[in-house]
Amino acid sequence: MPVLESKEQIIKEKQARLVRALLKSEETPEGFDDAAIDAARRSLARKRSRAAARTWPGLFTDSKSHERFEAYCRKRGAPLSGALLDGRLFARYLEREHVLTAEQLEEIARFDASYMVQGKELRLRNGADRLFRSAIRRLTR
Amino acid sequence: MHLERRDDLGFIELLAENHRLDEKPREEIAALKLKGVDIAIHGVSLSLGSAGLPDQSRLASLDRLAEVYDAVLVSEHIAFVRAAGLETHHLLPVERTEDMLALLVRNINYAASRLSRPLVLENIASLFEWPDNTMDEPEFLTRLTRETDAMLLLDVSNLYANALNHGFDPIEYVERLPSSKIAYMHVAGGTMRKGLYHDTHAHPLPGAVLQLVSDIALRLPGVPAMLERDDCFPIQKELFAELDSIEDALSRDYACA
């Protein structure tokens, strides 16, 4: 392997370890200040929480919302692309925790009528998706 | 926010990630351009400090946006935002070593070669430092400007945050930068949390940051500055008062010269 490539590979691995420590709560890489990394970890979660709250205000209505979001971050680890999707996955987490109100469930249902989570992305439903969704609803009613 | 009501705006920044190329150019921005306000395109997701060359499609989008709004420059950060297949949505510091410098120089030259506007690079705020840094930031930035054609965007609030959190003299930092390479400055609000200063772009401008702007303006006469506010927008009166306070801080330069 050429020298530059091998040096770049080392940088890549070091950055990967750091990002996993910040997003997935893996061990702080050797030599870093643990307290500073922990502060950065919390700062990243707060920033992510604020972004999700802007796109999903209905999910952040009480004082425990941001706390719950941080718990979701710790459990979920890596954020996927975009606050809109992050908020939808947070909603899924809240559904499992059985803490959603009827209004929140309605908001999620309205959102799901237009969007669907596909792999690591969010996409707009097309006509066929909507037809399929309404058939499923009729069958499960 | 009715920015067109101000007659003293020299330039504004458009956050690239907030604009879609398949949408019509925004009329309020066209109105500002007609008044002679310059446009800068500001990106946050290019990740120049990541291993591998910068993403071609992101570069193409930045350049297309610069074309659409006839921008005078494109600015990005000396940082990385993704690794291990994970998006952090946050600007993370690069290790300041010879190897990292070589990688950044290559990536900056590559990015600049695919942009039709000058590339300007910004210093970031970070709550932590890499343990094996072999250079401090002024040396690292100076080397970058020597080894590429990039100019610098000095973020005064990021500098303030780092100086406070990591304990160094921000004025000495500025005095060691190549002043002719500094294109413009960012100024933003922040807040103290558990003994650390956080640059949030969501809080009012602290007096200490404005004082630092004044002190820097004395050393960098004529370098323009802009307010960065992208969250928790205040009412227009307060926002305009913040713009005035930056103008005042910059003009102390002329009073003392």
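Here the structure is shown first, and the text comes after it.
Residues numbered from 1 in each chain as written. Chains lettered and ligands numbered in written order. Predicted model: local features only at pLDDT ≥ 70, side-chain atom pairs only at ≥ 80, totals over all residues. Heavy atoms only, no water.

### Brief notes about helix 2 (residues 56-68) of chain B
Residues and elements named next belong to chain B. With 13 residues, helix 2 extends 18 Å from end C-alpha to end C-alpha; this agrees with the ideal 18 Å at 1.5 Å per step. What helix 2 keeps buried is the set Leu-59, Leu-62, Asp-63, Leu-65 and Ala-66. Mapping the buried residues of helix 2 onto a view down its axis gives an arc of 160°, with all of them on the same face. On its buried face, helix 2 is in contact with strand 2 (38-42), strand 3 (73-77) and helix 3 (98-113). Positive backbone phi, at 50°, marks Asp-70, one or two positions downstream of helix 2. (Helix = DSSP H or I, 4+ residues; strand = E, 2+ residues; numbered from the N terminus. Expected span 1.5 Å × (residues − 1). Buried < 20%, exposed > 50% of the residue type's maximum accessible area, 1.4 Å probe, protein only. Arc of directions from axis to C-beta. Contact = heavy atoms within 4.5 Å.)

### As for the environment of Gln-236 of chain B
Position of Gln-236 of chain B among the secondary structure elements: in helix 8 (residues 236-256). For Gln-236 of chain B and His-2 of chain B, which are 234 residues apart along the polypeptide, the C-alpha to C-alpha distance reads 8.0 Å.

### Overview of the nonpolar core
Residue and element names in this part refer to chain B. If you look at the biggest cluster of nonpolar residues, it comprises 86 residues, and the most contacted ones within it are Ile-41, Leu-104, Phe-128, Phe-140, Leu-144, Leu-154 and Ile-216. Among the elements that line this core, the one with the most residues is helix 3, at 8 residues. With sequence-adjacent residues up to four places away left out, Phe-140 is seen in contact with Ile-78, Val-94, Glu-95, Arg-96, Thr-97, Met-100, Leu-101, Leu-104 and Met-135. (Core = buried A, V, L, I, M, F, W, Y, C linked by side-chain atoms within 4.5 Å.)

### Observations regarding the interface of chain B and chain A
Tallying the contact residues gives 29 residues for chain B and 32 residues for chain A. Note on chain B versus chain A: buried area summed over both sides is about 2700 Å², and carbon and sulfur give 66% of it. Residues Arg-106 of chain B and Glu-8 of chain A are paired through a salt bridge, measuring 2.8 Å at the closest nitrogen-oxygen approach. Inspection of the region where chain B meets chain A yields 7 residue pairs in polar contact (both at pLDDT 80 or more). Listing elements by their share of the side of chain B that touches chain A, those giving two or more residues are strand 4 (80-83), strand 5 (86-92), helix 3 and strand 10 (196-199) of chain B. (Buried area = accessible area lost by both parts, 1.4 Å probe. Salt bridge = Lys/Arg side-chain N within 4 Å of Asp/Glu carboxyl O. Polar contact = N/O pair within 3.5 Å; in protein donor to acceptor, adjacent residues only side chain to side chain.)

### Side note on the pattern of salt bridges
Residues and elements named next belong to chain A. Scanning the entire structure with this criterion turns up 25 salt bridges over all chains. Arg-41 serves as the salt-bridge partner of Asp-38, at 3.0 Å between the closest nitrogen and oxygen. Of the two residues, Asp-38 and Arg-41 both sit in helix 2 (residues 34-55), 3 residues apart, roughly one turn of that helix. For Asp-38, a relative accessible area of 30% translates into the label partly exposed. In this structure Arg-41 comes out as buried when scored by relative accessible area, which is 17%. The shortest N-O distance in the salt bridge between Asp-86 and Arg-48 comes to 2.6 Å. Taken together, the positions of Asp-86 in helix 4 (residues 83-97) and Arg-48 in helix 2 put the pair 38 residues apart, joining distant regions of the chain. The class for Asp-86 is buried, based on a relative accessible area of 4%.

### A short note on the environment of Glu-26 of chain A
Residue and element names in this part refer to chain A. Within the secondary structure layout, Glu-26 lies in the loop between helix 1 (3-23) and helix 2. Residue class for Glu-26 comes out partly exposed when judged on its relative accessible area of 37%. Of note is the side chain of Glu-26, whose polar atom sits 3.2 Å from the side chain of Arg-20.

### A few points about helix 7 (residues 207-219) of chain B
Compared with an ideal rise of 1.5 Å per residue, which puts 13 residues at 18 Å, helix 7 of chain B spans 19 Å between its outermost C-alpha atoms and is within 8% of the ideal. All buried positions along helix 7 of chain B are accounted for by Val-209, Leu-210, Leu-212, Val-213, Ser-214, Ile-216 and Ala-217 of chain B.

### Points about the packing of aromatic side chains
Residues and elements named next belong to chain A. Going through the model one piece at a time under the given rule, you end up with 14 aromatic pairs over all chains. Measuring from centroid to centroid gives 5.3 Å for Phe-60 and Phe-90, while their planes differ by 35°, and the two rings are tilted. One end of the pair, Phe-60, is in the loop between helix 2 and helix 3 (65-76); the other, Phe-90, is in helix 4, with 30 residues separating them in the sequence. Both residues of the pair, Phe-60 and Phe-90, belong to the buried class. (Phe/Tyr/Trp six-rings, centres within 6.5 Å; stacked < 30°, edge-to-face > 60°.)

### Describing the environment of Leu-92 of chain B
Mapped onto the elements, Leu-92 of chain B comes out in strand 5. Of the residues examined, Leu-92 of chain B reaches a relative accessible area of 2% and is grouped as buried. As for Leu-92 of chain B and Leu-127 of chain B, which are separated by 35 residues in sequence, their C-alpha atoms are 9.4 Å apart. Sequence-distant contacts of Leu-92 of chain B, that is, excluding residues within four places in its chain, are made with Val-19 and Leu-22 of chain A together with Ala-79, Phe-80, Ile-124 and Phe-128 of chain B.

### A look at the pairing of strand 2 of chain B
All names here are of chain B. In terms of burial, strand 2 is largely enclosed, as 4 of its 5 residues are buried. In terms of handedness, the path from strand 1 (residues 11-15) via helix 1 (residues 27-34) over to strand 2 forms a crossover that is right-handed. In this structure, strand 2 lies alongside strand 3, joined through 3 bridges in parallel fashion. From the neighbouring strand, Ala-40 faces strand 3, where its bridge partner is Leu-73. In the classification by handedness, the crossover that spans strand 2, the intervening helix 2 and the parallel strand 3 is right-handed. (Right-handed = clockwise from strand over helix to strand, strands pointing away. Pairing = 2+ DSSP bridges.)

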